[in-house]
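Spelled out, the chains give:
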Amino acid sequence: MSAVAEPDLGYSRTEMMIAASARGLEGATNCFVGVGLPNIVCNLAQRTVALDLQLVYESGVFGAKPERLPLSIGDPTLATGATAITSMFELFAFYLQAGLIDVAFLGGAQIDRFGNLNTTVIGPYDAPKVRLPGSGGACEIAIHARHILVIMRQAERSFVDRLDFRTSPGHSGDPAHDAARGWHGTGPTSVVTDLGTYGFDDATGEMTLITLHPGMTLDDVRANMGWEPKVSPDLGETPAPTPEELRLIREELDPRGVYAK
Amino acid sequence: MSSKVTTMRDAVADLVRDGDTVAIEGFTHLICFAAGHEIIRQRKRDLTLARMTPDVIYDQMVAGGVASKLIFSWLGNPGVGSLHAIRRRIEDHDPEPLEIEEYSHFGMVCRYVAGASNLPFFPIRSYYESDIPTVNPKILPMTSPYDDATEVYVVPPLRPNVSIVHAQRADASGDAQIWGLLGCQKEAAFAGERVMVVCEEVVEESVIRQDPNRTVIPGVVVDAVVEEPFACHPSFAQGYYDRDNAFYLQWDRIARDPETLATWLKEWVFDLGTHADYREKWGAAHWDALRPGDAMSGEVNYGRYA
C-alpha cells in the first residue's frame, strides 16, 4: 500500500481492525468464520459483544469451542467440544443454503465499490498473472449469509475500480435489482480495513466511508483505493481498541502474535 | 466376509491406472498423503486429480508428474498460502500446462452427491452473478419445472475411477468409521468406481458393530483396505495425531523452488520404499510430539433387543 505513517497509538493497525470488526458482530448468533483474522475477530466478539455467538466453519463444524487458536478452518481443535459436526453437504445445504447463517466473513485479493469480491485470478483467466485459490465456499456464502462482513487491508491494487474476476457477488449497483434477487443474503454490510470502516449506501449500494481509524486521514484512504471514495456526511473516528479488547487479543486469543502483530 | 486387507503398494498397483480420475478426499482432516506418495512412486501418468482442496498432497503429486488435469474448489495451502508447483503449471506452463476445472465448495460436494446417488445432475442455489460459470461450461443454469420457476444452477455428477479415503478404523471387509471432520469421505467413496480405504487401525468386525452410527463407509463399496498408521501426515487423524502445521509452513519454502522440491521428492518419496520407511525417517520423537491429549466421547446405550 501507499505509505501511511504508522502512528504510535499503543496498539497495532491489525489490532484496530480486529476490535472494529468484532464490534460489528454485536447481537449476531450464527456466524460463518474464516481462518486468519475473522477467526480471532469472532473469538473476541464471543467474549465481548456477542456472548451467544455460534462459530460455524465450512469444514462442517457448528458451535465450535476451540481451546487454541485454529491455524486452519479444519483444525482438530474445532472438532473437539463442538455442538455438532456435520457432513459438508449438510453444512452447505441445511445450514447455509436454508438460511440459518446470520453473518459471515469474506475477504479477497480484490474488492470493488459494490463489495463484489475476487479470489480467483489476477489477469486473464486463461493466462493468469497470479492464480489465486478460487471460490471455496465464498460464492455461496456471499449469496446466502444474511450479512457479509469484509476484512481486508487496504491498498490500491486490492480496492479496484474493476475486478479481474467476480468470484462472489456483492451489490449490483441497482438496489431494485438487489431487492428482487430473492436471496437470503443482503450482500456486504460493512468493510473494515486498516484505515477505516465502511458501510454501503442504501440508495446506490456503494461502499461509503463511515469512520477513520485514529491517526488516519482521508488522504490515506484516497491513496489506497482505485476509485474516489464516497464519504459519509457524518464521517467520524473509529473508537480506539479498549484496554479490555487489547488484553483479550494479546493475552487470550493470540498470545504468540500470529495474527495480531 | 473375505478380507480385503492388502498393502499400499498392491492396492495402488491394482486400483490406480494411467489416465484415471482419482479422488483422494479429506477436508483438511484425513488426507491420505501415503497413497499420494505411492502413486508418485509407481509413476502413474496422465491422472485427473479431483479434490475439493488440492492441498499439499496434490502439489506434491503434480510436481511428481502424475497429473494432467485438476478438478477442485479451493486451491491453496490452508492457513499458509499458495501451492507453488501447481501455480507454476497454471501460470507459466512450467514444465507443462495443467488443465483445470473449478467449482465452489458446495458445487464440488454436490458433484460427489450426484455421483454417489446415480443422478444426472444436482441443483444448487449458487453461482448467481458470479463469473465462475463463464469459465466452467459444466455449471449450467436451469429453471425449476415446478410452479415457482426458481432459477438454480446444476452441476454434473463426479464419478472418480478411484476414490481413496482415510478413516480412523475399519474392519477387514472395509466397514470404515470416522469421527471429527467428515469432509465428503462418504460421498466420494459411494461415488467411486473403485474404492480404497486406508486406516490407522484394522479392527475386529465386533468393534464396528458396537457403534454402527459411526460407520461412514460400508465395506460393500470398498475394494481394498490398507492399514497405514500416520498415513495422513502432515494432515491429521482426529484423536490419533495433530496436524503438522510446521510442515505445512515448510512446504511453502520447499515448493517455491523447483530444485528444492525435486530434492524433497527424491529424499522423502522416491528413495523410500514404503510409508513405514517414511515413519522411520521422521523418527519416533516426531510422532510423539504430534499425539494429542485424550478427550473421550461418552458412551450411549443402543439397548439389547434379543
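Residues numbered from 1 in each chain as written. Chains lettered and ligands numbered in written order. Predicted model: local features only at pLDDT ≥ 70, side-chain atom pairs only at ≥ 80, totals over all residues.

1. Brief notes about the overall build of chain A
- The secondary structure content of chain A amounts to 8 helices and 14 strands.
- Relative to the compact-globule value of 18 Å for 261 residues, chain A shows a C-alpha radius of gyration of 18 Å, a close match.
- Structurally, chain A occupies a C-alpha span of about 45 × 45 × 35 Å along its principal axes.
- Among the 261 residues that make up chain A, the fraction classed as buried is 54%.
- Taking contacts inside chain A between residues at least 6 apart in sequence as the whole, the part at least 24 apart equals 67%. (Helix = DSSP H or I, 4+ residues; strand = E, 2+ residues; numbered from the N terminus. Rg over C-alpha atoms; globule rule 2.2 N^0.38 Å. Buried ≥ 20, exposed ≤ 12 C-beta atoms within 10 Å, placed from the backbone. Contact = placed C-beta atoms within 7 Å.)

2. Re the overall build of chain B
- Secondary structure assignment for chain B yields 12 helices and 12 strands.
- With the principal axes as the frame, chain B shows a C-alpha extent of 65 × 55 × 35 Å.
- Nonlocal contacts in chain B, meaning residues at least 24 apart in sequence, comprise 74% of its contacts between residues at least 6 apart.

3. Points about the packing of helix 2 (residues 33-41) of chain B against helix 3 (residues 55-63) of chain B
Residues and elements named next belong to chain B.
- Following both chains from N to C, one finds helix 2 and helix 3 inclined at 5 degrees, their axes separated by 10 Å at the closest point. What the angle tells us is that helix 2 and helix 3 run roughly parallel. Contacts between helix 2 and helix 3 involve Phe 33, Gly 36, Ile 39 and Ile 40 on the former and, on the latter, Ile 57, Gln 60 and Met 61.
- Partitioning the contact of helix 2 with helix 3 into residue classes produces 5 nonpolar, 2 polar and no charged. (Axes fitted to C-alpha atoms, helices over the stretch in contact; angles between N-to-C directions. Parallel < 35°, antiparallel > 145°, perpendicular 65-115°, else oblique. Nonpolar A, V, L, I, M, F, W, Y, C, P; charged D, E, K, R; others polar.)

4. Let's talk about the interface of chain B and chain A
- Contacts between the two partners involve 40 residues from chain B and, on the opposite side, 35 residues from chain A.
- Every element with two or more residues in the side of chain B that touches chain A is listed here: helix 4 (84-92), helix 5 (105-117), helix 6 (132-135) and helix 7 (185-191) of chain B.
- Here the element with the most residues in the side of chain B that touches chain A is helix 5 of chain B; it accounts for 4 residues.
- Residues that form the side of chain B that touches chain A fall into these classes: 17 nonpolar, 13 polar and 10 charged.

5. Points about helix 10 (residues 258-270) of chain B
Residue and element names in this part refer to chain B.
- What helix 10 keeps buried is the set Leu 261, Leu 265 and Val 269. The buried residues of helix 10 all sit within an arc of 40 degrees when viewed along its axis, so they share a single face. Turned more than 90 degrees off the buried face of helix 10, the exposed positions are Glu 259, Thr 260, Thr 263, Lys 266 and Glu 267.
- Buried-residue contacts for helix 10 involve helix 2, helix 3, helix 4 and helix 9 (245-256). (Arc of directions from axis to C-beta.)

6. Here we look at the confidence of the model for chain B
- Scored by pLDDT, chain B comes out at a mean of 97, with 100% of its residues at no less than 70.
- The ipTM, which scores confidence in the relative placement of chains, is 0.96 for this predicted complex, and the corresponding pTM is 0.96. (pLDDT = per-residue confidence, 0-100.)

7. Topic: the pairing of strand 14 (residues 230-237) of chain A
All names here are of chain A.
- Among the 8 residues that make up strand 14, 0 are buried, leaving the element largely open to the surroundings.
- Two strands pair when backbone bridges link them, and strand 13 (residues 207-212) and strand 14 are joined in this way by 4 bridges, in the parallel orientation. Pairing of Leu 212 across the sheet is with Glu 237, part of strand 14. (Pairing = 2+ DSSP bridges.)

8. A few points about the sheet that holds strand 7 (residues 151-155) of chain B
Residue and element names in this part refer to chain B.
- The antiparallel open sheet is built from 3 strands, whose spatial order is 5-7-6. This sheet does not close on itself; its edge strands, each paired only once, are strand 5 (122-124) and strand 6 (140-143). The average undirected angle you get between the axes of adjacent strands in this sheet is 45 degrees.
- With 3 bridges joining them, strand 5 and strand 7 adopt antiparallel strand pairing. Paired with Pro 123 across the bridge in strand 7 is Val 154.

9. Considering the sheet that holds strand 1 (residues 30-32) of chain A
Residue and element names in this part refer to chain A.
- What the 10 strands build is an open sheet, ordered 4-3-2-1-5-10-11-12-13-14; its pairing is mixed. Strands at the two margins of the open sheet, each flanked by one partner only, are strand 4 (84-85) and strand 14.
- Its contacts with the sheet put helix 2 (residues 37-47) on strand 1, strand 2 (54-57), strand 5 (103-106) and strand 10 (147-151), and the angle it makes with strand 10 is roughly 115 degrees.

10. A short note on the environment of Val 258 of chain A
- With respect to the helices and strands, the residue Val 258 of chain A is situated in the segment after helix 8 (243-253).
- Along the chain, Val 258 of chain A and Gly 173 of chain A lie 85 residues apart, while their C-alpha atoms are 37 Å from each other.

11. Details of helix 3 of chain B
- With respect to burial, helix 3 of chain B is a largely interior element, 9 of its 9 residues being buried.
- At the exit of helix 3 of chain B stands Gly 65 of chain B, carrying a positive phi of roughly 85 degrees.

12. Let's talk about the environment of Asp 252 of chain B
Residue and element names in this part refer to chain B.
- Following the sequence through the fold, Asp 252 ends up in helix 9.
- Residue classification places Asp 252 among the partly exposed positions, given that 16 C-beta atoms sit within 10 Å.
- When the C-alpha atoms of Asp 252 and Leu 83 are compared, they prove to be 7.3 Å apart, with 169 residues separating the residues in sequence.

13. Some details on the nonpolar core
- Among the nonpolar cores identified, the biggest contains 165 residues, and Cys 31 of chain A together with Met 196 and Val 197 of chain B are the most heavily contacted of them.
- Residues in contact with Cys 31 of chain A, not counting those within four places in the same chain, are Leu 25, Cys 42, Leu 53, Gln 54, Leu 55, Val 56, Asp 102, Val 103 and Ala 104 of chain A.
- Counting residues in each nonpolar core, the second largest holds 5 residues, with Ala 109, Leu 132, Leu 163 and Phe 165 of chain A among its members. (Core = buried A, V, L, I, M, F, W, Y, C linked by C-beta atoms within 7 Å.)

14. Overview of the environment of Val 231 of chain A
Residues and elements named next belong to chain A.
- For Val 231, the location among the structural elements is in strand 14.
- Here the alpha-carbon distance between Val 231 and Gln 110, two residues 121 residues apart in the chain, equals 20 Å.
- Here Val 231 is in contact with Thr 208, Leu 209 and Leu 218, once residues within four sequence places are set aside.

15. Re unusual backbone geometry
Residues and elements named next belong to chain B.
- Put simply, Asp 94 and Pro 95 share a cis peptide bond, and its omega is 0 degrees.
- Positionally, Pro 95 belongs in the loop between helix 4 and strand 4 (99-102).
- Omega for the peptide link from His 233 to Pro 234 comes to 10 degrees, which places this bond in the cis form.
- Topologically, Pro 234 is positioned in the loop between strand 12 (224-227) and helix 9.
- Of note, the phi angle at Leu 30 is positive, near 60 degrees, even though the residue is not glycine.
- Tracing the chain through its elements places Leu 30 in the loop between strand 1 (21-24) and helix 2.
- By C-beta crowding, Leu 30 is classed as buried, having 29 other C-beta atoms within 10 Å.

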